[in-house]
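Reading the structure
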Amino acid sequence: MNYKTINQETYYRKGVFRHFMEDCRCSTSMTARLDVTKLVAYSKRAGTKFYINFLYILSKVLNSRDDYKMAYLWESKQLICYDQINPIQYVFHEDTETCTPVYTTYYEDYKRFYTDALADVERAKLTREYGLDSSNHPNWFDASYISWLSYDSLNIELPDGYPYFLPIVNWGKYREENGRLMMPVSVRLNHAVADGYLIAKVFKLLEEAIAAFEMENLTDADKKTC
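Residues numbered from 1 in each chain as written. Predicted model: local features only at pLDDT ≥ 70, side-chain atom pairs only at ≥ 80, totals over all residues. Heavy atoms only, no water.

Right, let's get into unusual backbone geometry. One non-glycine residue, Lys77, lies in positive phi territory at about 60 degrees. Within the chain, Asn178 stands out as a residue other than glycine whose phi angle is a positive 55 degrees. Topologically, Asn178 is positioned in the loop between β9 (175–177) and β10 (180–190). Judged by relative accessible area, which is 84%, Asn178 ranks as exposed. (Helix = DSSP H or I, 4+ residues; strand = E, 2+ residues; numbered from the N terminus. Buried < 20%, exposed > 50% of the residue type's maximum accessible area, 1.4 Å probe, protein only.)

See below:
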């Protein structure tokens with residue numbers, strides 16, 4: 001785990017950061033629908049899990065910009081930016097109706113990430129412990145798949161004044177709309193380090209990354225038909 005310390009006097013969001021750290025501590029979140037038609041088709045064609053493919057794309061997007069890798073060390077009052085953040089995914093146990101957190105390291109290499117993420121899930125299925133270990137995983141962000149519902153909105157609140165800056169991302173079941181498969185995605189960030197533009201940017205980057213992922217993983221046969 002490595003990070004750089006941000007100079008709060010020269011931070012490009014200095015004024016906004018001060019306001020939402022001192023005057024109006026709060027988070028902000030958005031829910032929007034993403035077109036995942038082609039990603040679903042690719043996942044089925046390749047025999048891979050759509051959920052893990054999306055988790056990889058999400059992790060890649062959030063690691064592409066420093067604004068999404070911020071944290072606040074309240075003991076020393078330092079604003080920092082991690083070199084990398086990794087996803088905490090979840091396994092749901094039908095028998096107990098509980099979840100187990102799964103720590104998965106992000107690798108830009110898709111095949112390595114996919115293999116590791118799948119293995120992490122299988123290991124987590126063997127326990128019913130909640131096992132959240134944030135003290136030893138400070139640069140992990142929450143990525144939770146709500147597979148039972150294609151919802152329209154979702155809001156996550158943290159205690160007033162709590163300076164938690166890492167993203168919290170949820171997504172639900174995709175559904176067909178006008179011949180396309182649309183999936184609800186919710187992104188929550190602390191207002192001290194993000195505003196409406198930066199949250200909306202996550203969705204734009206996801207759209208671009210989904211399109212790029214499909215092209216990067218086309219088979220030779222697929223390319224001939226393009």
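A few words on the pattern of salt bridges. For the structure shown, the criterion picks out 16 salt bridges. The closest approach of N and O atoms between Arg123 and Asp120, which form a salt bridge, is 2.3 Å. Placement of the pair is Arg123 and Asp120 together in helix α4 (residues 110–124), with a separation of 3 residues, close to one helical turn. With a relative accessible area of 52%, Arg123 lands in the exposed category. Close ionic contact of Glu177 with Arg175 constitutes a salt bridge, the shortest N to O distance being 2.9 Å. (Salt bridge = Lys/Arg side-chain N within 4 Å of Asp/Glu carboxyl O.)

The next subject is the nonpolar core. The biggest cluster of nonpolar side chains holds 46 residues, and the ones touching the most others in it are Phe54, Leu58, Trp171, Val185 and Leu206. With 10 residues, helix α3 (residues 50–62) is the largest single contributor of residues to this core. Setting aside anything within four residues of it in sequence, one finds Phe54 in contact with Leu34, Leu39, Trp171, Met183, Val185 and Leu206. Phe17, Tyr72, Cys81 and Phe165 belong to the second largest nonpolar core, which has 12 residues in total. (Core = buried A, V, L, I, M, F, W, Y, C linked by side-chain atoms within 4.5 Å. Contact = heavy atoms within 4.5 Å.)

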